[in-house]
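Take a look at the letters that make up each chain.
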Amino acid sequence: MTKYLISFPSEAMVLSEEQLAAASVDSHAVIEEAKAAGVYVFGGGINEQVAPVLVSADGAVSGQIYPGSRLNGGFAVLEVPTREEAVKWAEKLARACRCSQELREFMYDPAS
């Protein structure tokens, strides 16, 4: 089975407070469905109130991250047998979140 990252950036969710509340309920329902189906690995939202840092091999911490590196919004990692199934889950999450979802496939790692 392959793991997939389904995600969206914060700016993709242009919703009213009422729509956001409904999207939260609906997206949590999809996550519960994924858990029940046994395909949910983990997920959540990036805490945008906490600034990212870059940690070097010598343990130095810097507030400057890689140029162009930007991760915010919400995500889910699912493990499913086919890309087609991953697309179906991404579609469910897009409908629930009221915004398109990006789908990325993790490379196989025999150690994980």
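Just above sits the structure.
The paragraphs below set out a description of the structure included in this document. None of the values given here were measured: they were computed from a predicted structure. Per-chain numbering applies: the sequence of each chain, read as written, is numbered from 1 onward. Owing to the predicted nature of the model, reporting of local features is limited to residues with pLDDT of at least 70; listing and counting of side-chain atom pairs is limited to 80 or more, with chain, interface and lining totals taken over all residues. The side-chain numbers reported here are obtained from all heavy atoms of the structure, hydrogens and water having been left aside.

**Regarding the environment of Ser 62**
Thought 1: Comment: elements are numbered from the N terminus, with helices defined as DSSP H or I runs of at least four residues and strands as E runs of at least two. On the secondary structure map, Ser 62 appears in strand E4 (residues 61-62).
Thought 2: Each C-alpha atom of the pair Ser 62 and Ala 94 lies 35 Å from the other, and the pair is 32 residues apart in sequence.
Thought 3: Residue contacts for Ser 62: discarding those within four places in its chain leaves Val 53 and Leu 54.
Thought 4: For this analysis, a polar contact is any N or O atom pair within 3.5 Å, provided that within protein one partner can donate a hydrogen and the other can accept it, and provided that sequence-adjacent residues contribute only side-chain to side-chain pairs. Here the side chain of Ser 62 touches Gln 64 through a polar contact of 3.0 Å, landing on its backbone nitrogen. Only heavy atoms matter for contacts: two residues are in contact if any of them lie within 4.5 Å across the pair.

**Observations regarding the packing of helix H1 (residues 17-36) against helix H2 (residues 83-97)**
Thought 1: Look at H1 against H2: their axes get within 7 Å of each other, and the N-to-C directions meet at 160°. By the criterion of interaxial angle, the relationship of H1 to H2 is roughly antiparallel. For the pair H1 and H2, the contacting residues are Ala 23, Asp 26, Ser 27, Val 30, Ile 31, Glu 33 and Ala 34 in the first and Trp 89, Lys 92, Leu 93, Ala 96 and Cys 97 in the second.
Thought 2: Residue composition of the contact of H1 with H2, grouped by class: 8 nonpolar, 1 polar and 3 charged. An axis is simply a line fitted to the C-alpha atoms; with a helix, the fit covers only the stretch in contact. Between two such axes, the angle follows the N-to-C directions and lies from 0 to 180 degrees. Note on angle classes: values under 35 degrees are labelled roughly parallel, values over 145 roughly antiparallel, values of 65 to 115 roughly perpendicular, and the remainder oblique. Three classes are used: nonpolar for Ala, Val, Leu, Ile, Met, Phe, Trp, Tyr, Cys and Pro, charged for Asp, Glu, Lys and Arg, and polar for all others, with Gly counted as polar.

**Topic: a nonpolar patch on the surface**
Thought 1: A patch consists of residues whose relative accessible area exceeds 30% and which take part in no salt bridge; residues with like charges are grouped when within 9 Å of each other, and nonpolar side chains (Val, Leu, Ile, Met, Phe, Trp, Tyr) when within 5 Å. The Shrake-Rupley method, run with a 1.4 Å probe sphere, supplies the accessible areas, and residue values consider only the shown protein chains as cover. Each reported salt bridge corresponds to a side-chain nitrogen of Lys or Arg within 4 Å of a carboxyl oxygen of Asp or Glu. A cluster of nonpolar residues, Val 53, Val 55 and Val 61, forms a patch on the protein surface that exposes about 270 Å² of accessible area.
Thought 2: Relative accessibility thresholds used throughout: buried, under 20% of the residue-type maximum; exposed, over 50%; partly exposed, between the two (1.4 Å probe, protein chains only). The exposure class of Val 61 is exposed, given its relative accessible area of 56%.

**With respect to the environment of Gly 63**
Thought 1: Note on placement: Gly 63 falls in the loop between E4 and strand E5 (74-80).
Thought 2: Taking the C-alpha atoms as reference points, Gly 63 and Val 39, 24 residues apart in sequence, are found 35 Å from one another.

**Regarding the pattern of salt bridges**
Thought 1: Tallied over the full model, the rule gives 8 salt bridges.
Thought 2: A salt bridge links Glu 11 to Arg 70; the nearest nitrogen and oxygen atoms lie 2.9 Å apart. Of the two residues, Glu 11 sits in the loop between strand E1 (2-8) and H1 while Arg 70 sits in the loop between E4 and E5, which places them 59 residues apart along the sequence.
Thought 3: The class of Arg 70 is exposed, set by a relative accessible area of 58%.
Thought 4: One salt bridge in this structure joins Arg 95 and Glu 91, with 2.9 Å as the shortest N-O distance. Of this pair, Arg 95 and Glu 91 are both found in helix H2, 4 residues apart, which corresponds to roughly one turn of the helix.
Thought 5: Among the residues examined, Glu 91 registers a relative accessible area of 45% and is labelled partly exposed.

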